[in-house]
Amino acid sequence: MPFDPQECLRSFERGRLIAENGRPIRLFEVEASSITIPLAGEVLFKAWTLNGRVPGPTLRAREGERIRVLFRNGDSTSHSLHFHGVHPAAMDGIEPVLKGRTAVYEFDLPRAGLYPYHCHVAPVARHVGKGLFGLLVVDPITPRPAADELVLVMGGYDLNNDGRNELYAFNGIPDAYMHNPIRIRQHQLVRLYLLNMTELEAPLTFHLHANEFRVIRPGWIDTTDVVTLGVAERQILEFSFPFTGRYMVHPHQDQIAERGCMGFFEVVPA
């Protein structure tokens, strides 16, 4: 594997803090490049990646900070980075960045939450479908309770450019967490940052077996075992498992789950 889906689960890129004119800025570096990834059996796919992985790095900052993202296009095709959230038009990432060029995206983070980012060069569905997407986690000023924090990003692969996905995945590789389940501790609070970046599909309904989760939003908490997400929608989910064992997780659109977007939580004794 050119990258490890297990590492994608718990790896957060916090950048580095620099100071300019007395103000701290959190600096990130992101590079687009092409790699070939194995998807299923002998299926090889030329992906467009950010920092060599799908999804791209999970960037992490804090409410009230200013971030600066240095985006280098090391690929042969024009790309860009468009961040969801509030920022000036000049930072919106809709202008193509040519091969070998670098763009700078800089803006403040006025509110905590989850913010997808992705390439916005036309055709956008193709650029996203080939892997150019990721998640920015903005933590609140008052820290959330300690938890085992995970990132799951749902995506799809159109293998023959016919406008339909043939394979699907959590964190880039189909069935990665079927073959290597996600290990968590019994009774451990788990905080899951969930994002749907599956182009060419109707909304997907994320489902956790034999348990419930809390959907965490400002001023509102819901408890359920399914949550439906359109493209680019995201949620923060919290849960813990009272029993050990192996528990399935997947979109409730079964034909999508059966083509790669399925995994297990392996709950082990605390």
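Since this is a predicted model, take the numbers as computed values, not measurements. (Residues numbered from 1 in each chain as written. Predicted model: local features only at pLDDT ≥ 70, side-chain atom pairs only at ≥ 80, totals over all residues. Heavy atoms only, no water.)

(A) Structural context of the nonpolar core. In terms of nonpolar packing, the biggest core is built from 28 residues, with Leu 152, Ile 184, Leu 194, Phe 206, Phe 239 and Phe 265 touching the most fellow members. Contact partners of Phe 206, with chain neighbours within four places excluded, come to Leu 152, Phe 170, Leu 192, Leu 194, Phe 213, Asp 225, Val 226, Val 227, Leu 237, Val 249, His 250 and Pro 251. Core analysis: the next-biggest nonpolar cluster, separate from the first, contains 26 residues, Phe 45, Phe 133, Leu 167 and Ile 216 among them. (Core = buried A, V, L, I, M, F, W, Y, C linked by side-chain atoms within 4.5 Å. Buried < 20%, exposed > 50% of the residue type's maximum accessible area, 1.4 Å probe, protein only. Contact = heavy atoms within 4.5 Å.)

(B) Focus on the packing of aromatic side chains. Applying the stated criterion to the full structure yields 11 aromatic pairs. Measuring from ring centre to ring centre gives 5.2 Å for Phe 83 and Tyr 117, while their planes differ by 35°; the resulting arrangement is tilted. Of the two residues, Phe 83 is situated in strand S7 (residues 82-83) and Tyr 117 in strand S9 (residues 113-118); the sequence distance between them amounts to 34 residues. For Phe 83, a relative accessible area of 0% gives the class buried. Assessed through its relative accessible area of 0%, Tyr 117 is described here as buried. Between Phe 170 and Phe 206, the ring centres sit 6.4 Å apart and the planes meet at 75°, which makes this aromatic pair edge-to-face. A residue pair is termed long-range when its members are at least 10 positions apart, and Phe 170 in strand S12 (residues 167-170) and Phe 206 in strand S15 (residues 204-208) qualify at 36 residues. You'll find Phe 170 and Phe 206 in the same group, each marked buried. Of the aromatic side chains, those joined through ring pairs into one cluster are Phe 239, Phe 241, Tyr 247 and Phe 265. Above the face of the Phe 264 ring, Arg 246 is positioned so that its terminal group lies 5.6 Å from the ring centre. (Phe/Tyr/Trp six-rings, centres within 6.5 Å; stacked < 30°, edge-to-face > 60°. Helix = DSSP H or I, 4+ residues; strand = E, 2+ residues; numbered from the N terminus. Lys NZ or Arg CZ within 6 Å of the ring centre and 35° of its normal.)

(C) Fine view of the environment of Phe 239. As for its placement among the helices and strands, Phe 239 is situated in strand S19 (residues 234-239). Placed 86 residues apart in sequence, Phe 239 and Val 153 show a C-alpha to C-alpha distance of 18 Å. If sequence neighbours within four positions are ignored, Phe 239 has contacts with Ile 184, Gln 188, Leu 189, Val 190, Leu 192, Leu 208, Asn 211, Glu 212, Phe 213, Arg 214 and Phe 265.

(D) How the structure looks around the sheet that holds S7. Judged by pairing direction, the sheet is mixed, and its five strands sit side by side in the order S1-S5-S10-S9-S7 without closing on themselves. The strands lining the two open edges of the sheet, one partner per strand, are strand S1 (12-13) and S7. Two strands pair when backbone bridges link them, and S1 and strand S5 (residues 58-62) are joined in this way by two bridges, in the parallel orientation. Within the sheet, the bridge partner assigned to Glu 13 lies in S5 and is Leu 59. (Pairing = 2+ DSSP bridges.)

(E) The arrangement of the environment of Arg 53 in detail. Tracing the chain through its elements places Arg 53 in the loop between strand S4 (43-50) and S5. As a C-alpha pair, Arg 53 and Tyr 168 span 115 residues in sequence and 16 Å in three-dimensional space. Ignoring sequence-local partners within four residues, the contact set of Arg 53 consists of Phe 3, Cys 8, Ser 11 and Thr 58.

(F) Structural detail: the side chain of His 250. Positionally, His 250 belongs in strand S20 (residues 245-251). Since its relative accessible area comes to 5%, His 250 is described here as buried. A polar contact is formed between the side chain of His 250 and the side chain of His 209, at a distance of 2.9 Å. Residues in contact with His 250, not counting those within four places in the same chain, are Phe 170, Thr 205, Phe 206, His 207, His 209, Ala 257, Cys 261 and Met 262. (Polar contact = N/O pair within 3.5 Å; in protein donor to acceptor, adjacent residues only side chain to side chain.)

(G) Representation of the pattern of salt bridges. Enumeration according to the criterion identifies 15 salt bridges in this entry. Measuring nitrogen to oxygen at the nearest pair gives 2.9 Å for the salt bridge that ties Arg 10 to Asp 148. Separated by 138 residues along the polypeptide, Arg 10 in helix H1 (residues 5-10) and Asp 148 in strand S11 (residues 148-157) bring together distant segments of the chain. In this structure, Arg 246 and Glu 266 form a salt bridge, with 2.6 Å as the shortest nitrogen-oxygen distance. Placement of the pair is Arg 246 in strand S20 and Glu 266 in strand S21 (residues 263-268), with a sequence separation of 20 residues. The class of Arg 246 is partly exposed, set by a relative accessible area of 48%. Connected through salt bridges with shared partners, the residues Glu 20, Arg 23, Arg 66, Arg 68, Glu 106 and Asp 108 form a single ionic network. (Salt bridge = Lys/Arg side-chain N within 4 Å of Asp/Glu carboxyl O.)

(H) The arrangement of the pairing of S9 in detail. For S9, the tally of buried residues reaches six of six residues, placing the bulk of the element in the interior. With burial as the criterion, each face of S9 is covered, one bearing Gly 113, Tyr 115 and Tyr 117 and the other bearing Leu 114, Pro 116 and His 118. Pairing geometry for S7 and S9, over two bridges, is antiparallel. Bridging across to S9, Phe 83 finds its partner in Tyr 117. In the sheet, S9 pairs with strand S10 (residues 133-139) via six bridges, with the strands oriented antiparallel. The residue bridging Pro 116 from the neighbouring strand is Leu 135, located in S10.

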